[in-house]
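Coordinate analysis (summary)
Next come the chains, spelled out residue by residue.
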Amino acid sequence: MPRLRAAEIKPVEPVWVIPAKGAALSQAISSPSIAKRPRVAIIGAGVIGLGIAWRLARRADVSVFDRGKAGAGASHAAAGMLAACAEAEPGEEALLTLNRDSQARWPAFADELKHATGVDVELRREGTLVLALTADDQAVLAHRLDFQKKLGLPLEWLSAAATRAKEPHLAGKIAGAVFSPEDHQVDNRKVVAALRIAAENAGAKIHEHQAVREVSVQSGAARGVGLEDGTRIDADIVVLAAGAWSRGIAGLPPDRRPPVRPVKGQMFALRMDAAAPLLNHVLWAPGAYLVPRCDGRLIVGATVEEKGFDDTITAGAMLTLLEAAWRAIPAIEELPIDEIWAGHRPGSRDDAPILGRAPLENLFYATGHHRNGILLAPVTADTLAKLILDDVTEPVIQPFGLERFLPARAAE
Ligand code: GLY
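Residues numbered from 1 in each chain as written. Predicted model: local features only at pLDDT ≥ 70, side-chain atom pairs only at ≥ 80, totals over all residues. Heavy atoms only, no water.

Concerning the packing of aromatic side chains
This model, assessed by the stated rule, comprises 4 aromatic pairs. Aromatic pair tryptophan 54 and phenylalanine 109: ring centres 5.5 Å apart, planes at 65°, arrangement edge-to-face. Of this pair, tryptophan 54 sits in helix H2 (residues 47-56) while phenylalanine 109 is found in helix H4 (residues 93-117), placing the two residues 55 residues apart along the sequence. On the basis of relative accessibility, which here comes to 1%, the residue phenylalanine 109 falls in the buried class. When the ring of tryptophan 106 is compared with that of phenylalanine 109, the centres are 5.1 Å apart and the planes differ by 80°; the resulting orientation is edge-to-face. Placement of both tryptophan 106 and phenylalanine 109 in helix H4 is noted, with a separation of 3 residues, approximately one turn of the helix. According to the relative accessible area criterion, tryptophan 106 is buried, its value standing at 0%. Clustering of aromatic rings is evident, with ring pairs tying together Trp54, Trp106 and Phe109. Sitting over the ring of tryptophan 341, arginine 189 keeps its end group 4.8 Å from the ring centre. (Phe/Tyr/Trp six-rings, centres within 6.5 Å; stacked < 30°, edge-to-face > 60°. Helix = DSSP H or I, 4+ residues; strand = E, 2+ residues; numbered from the N terminus. Buried < 20%, exposed > 50% of the residue type's maximum accessible area, 1.4 Å probe, protein only. Lys NZ or Arg CZ within 6 Å of the ring centre and 35° of its normal.)

Here you go:
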């Protein structure tokens, strides 16, 4: 494999590029001199790392490293909701633009994956219902709906009867629901499988169970990665896409490490009769979401916990989620439990992703996708590939650089 050179790790004296006061950050992190066919090392083989690998592989020699099995982290644990509209919150308008952009890319992305790999990622287009069980729930939803409609989002309030017409197995007493016709879902585990095949077919090399310990930095630029086993991999470009583990990758000065932490989510899946499912839309009920899959699995999630990398399944979490799901659809009590799991969302300080060129030559970030990793996979893959290969920053990712977390002096 001529494009990878394994060598002993030699301790190097890092030289950080810190912009002088008043100097433009973009000058200090001047464009990398990209080799004709650059060697790219991607840290993390989840949907983000694999998506970028796929998009790069035709024009770059791409190697992806993962501490475990490819796609076994948050990409496996996710529910696959593409919920740009229903989850829109005040203060997150830039994120909404990014989310909507990626949502619009999903149909073509799914088609392209099918064409490239034969894997159908099951993009289901029934849309999402946000359920109000009580008048209180309705008042909260109405308040949020008002804000969401001012942003031009295609959401509508449905009466109890209209909601039940869409989902007959809902509880006997409901107040109604917000219907989001453009918030769809994919089977995230199939997405990971497809992306892996697509990336490998395009020429990317995926190295599983090869944890990256550090970004190798020399003369103020990333020059490759050092693995836990001591192997050093030379590269022209390094992409940090290690999800919740991104901050733990050594070699970077503290303020160049992306401020990403694990946000634990516990979930479970029930098994419905695929021929007579209890639910067809994605459903946000008070206290839980429910996502029906084509094969009859009903995903129920998720807790949001600040517990580090703890992956314990707790009775309290299961009780809370089960009760919330049962209050929405009482008939679930007859269903067998299929699987229980926990995952770790990569949460940044402002819950938005960190995308783009790092304040360190040859290094790029694609991490911190928090609750939206599956939704944001297409826009992240497309825009990062364009940035890395063509040095073009799409406006939609402009607000999501690491600079927003740097002290004003360094980011000036
Ligand atoms: N996007 C769903 C979750 O983070 O639980």
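Details of the packing of H4 against helix H9 (residues 377-390)
Viewed as axis vectors pointing N to C, H4 and H9 meet at an angle of 90°, and their least axial separation amounts to 7 Å. As summarised for this structure, H4 and H9 are arranged roughly perpendicular, according to the angle between their axes. On H9, the residues touching Leu98, Asp101, Ser102, Arg105, Trp106 and Phe109 of H4 are Ala377, Pro378, Val379, Asp382 and Thr383. When its residues are assigned to classes, the contact of H4 with H9 shows 6 nonpolar, 2 polar and 3 charged. (Axes fitted to C-alpha atoms, helices over the stretch in contact; angles between N-to-C directions. Parallel < 35°, antiparallel > 145°, perpendicular 65-115°, else oblique. Contact = heavy atoms within 4.5 Å. Nonpolar A, V, L, I, M, F, W, Y, C, P; charged D, E, K, R; others polar.)

A short note on the sheet that holds strand S18 (residues 337-348)
The 8 strands lie next to each other as S6-S7-S5-S15-S16-S17-S14-S18, forming an open sheet whose pairing is mixed. Where the open sheet ends on each side, the last strands, each with one partner, are strand S6 (156-158) and S18. Averaged over neighbouring strand pairs, the angle between their axes works out to 25° when direction is ignored. In this sheet, S18 lies alongside strand S14 (residues 260-271) in antiparallel orientation, the contact comprising 11 bridges. Its bridge partner lying in S18, alanine 269 is registered against glutamate 339. Where helix H8 (residues 315-328) meets the sheet, it contacts strand S5 (128-132), S14, strand S15 (282-285), strand S16 (288-292), strand S17 (297-301) and S18, and its direction lies at approximately 55° from that of S14. (Pairing = 2+ DSSP bridges.)

Side note on the sheet that holds strand S9 (residues 205-207)
On the basis of which strands lie adjacent, the open sheet formed by 6 strands has the order S9-S3-S2-S13-S20-S19 and mixed pairing. Looking at the sheet topology across the chains shown, the edges are occupied by S9 and strand S19 (354-357). Direction aside, neighbouring strands of the sheet carry axes that sit 20° apart on average. The sheet contact formed by strand S13 (residues 237-240) and strand S20 (residues 363-367) spans 3 bridges and is parallel. Looking across to S20, one finds that valine 239 is bridged to phenylalanine 364.

Describing the packing of H2 against helix H7 (residues 188-201)
Relative to each other, H2 and H7 sit at 30°, their axes nearing to 8 Å. By the angle class used here, H2 and H7 are roughly parallel. Crossing handedness for the pair H2 and H7: left-handed. Of H7, the residues touching H2 (which contributes Val47, Leu50, Gly51, Ala53 and Trp54) are Val191, Val192, Leu195, Arg196, Ala198 and Ala199. Classifying every residue of the contact of H2 with H7 gives 9 nonpolar, 1 polar and 1 charged. (Left-handed = near helix turned anticlockwise from the far one by under 90°.)

Remarks on the pairing of S17
Each regular strand carries side chains that alternate between the two faces of the sheet. For S17, the tally of buried residues reaches 5 of 5 residues, placing the bulk of the element in the interior. Where S14 and S17 come together, 4 bridges link them in antiparallel fashion. Note on S17: the bridge partner recorded for arginine 271 is arginine 297. When S16 meets S17, the two strands line up antiparallel, connected through 4 bridges. Looking across to S17, one finds that tyrosine 289 is bridged to glycine 301. From the end of S16 to the start of S17, which pair antiparallel, there are 4 residues, and glycine 296 there has a positive phi angle of about 95°.

Things to note about the site of the ligand
Close contacts around the ligand come from Met81, Tyr289, Ala302, Arg345 and Arg371, and that covers them all. One of the side-chain nitrogen or oxygen atoms of tyrosine 289 is found 2.6 Å away from an oxygen atom of the ligand. Arginine 345 places a polar side-chain atom, nitrogen or oxygen, 2.6 Å from an oxygen atom of the ligand. Within the complex, the protein chains bury 88% of what would otherwise be the 200 Å² of accessible surface of the ligand. Each residue belonging to the shell around the ligand can be placed in one class, and the counts come to 3 nonpolar, no polar and 2 charged. (Near = heavy atom within 4 Å. Polar contact = N/O pair within 3.5 Å; in protein donor to acceptor, adjacent residues only side chain to side chain. Areas by Shrake-Rupley, 256 points an atom, 1.4 Å probe, with all protein chains shown as cover.)

Digging into the confidence of the model for the chain
Put simply, the chain has an average pLDDT of 91, and 90% of its residues get 70 or more. The model gives residues 1-33 a pLDDT under 50, and that stretch makes 72 contacts with residues more than four places away or in other chains. (pLDDT = per-residue confidence, 0-100.)

A word on the nonpolar core
Membership of the largest hydrophobic core comes to 55 residues, with the highest contact counts inside it found for Ile42, Leu56, Val62, Leu98, Trp106 and Val239. When contributions to this core are tallied by element, the ones reaching two or more residues are strand S2 (39-43), H2, strand S3 (61-65), H4, H7, S13, S20 and H9. The contact partners of tryptophan 106, leaving out residues within four places of it in the chain, are Leu82, Val121, Leu123, Val186, Val191, Ile374, Leu375 and Pro378. Of all hydrophobic cores here, the second largest spans 29 residues; its members include Leu170, Leu283, Ala328 and Ile329. (Core = buried A, V, L, I, M, F, W, Y, C linked by side-chain atoms within 4.5 Å.)

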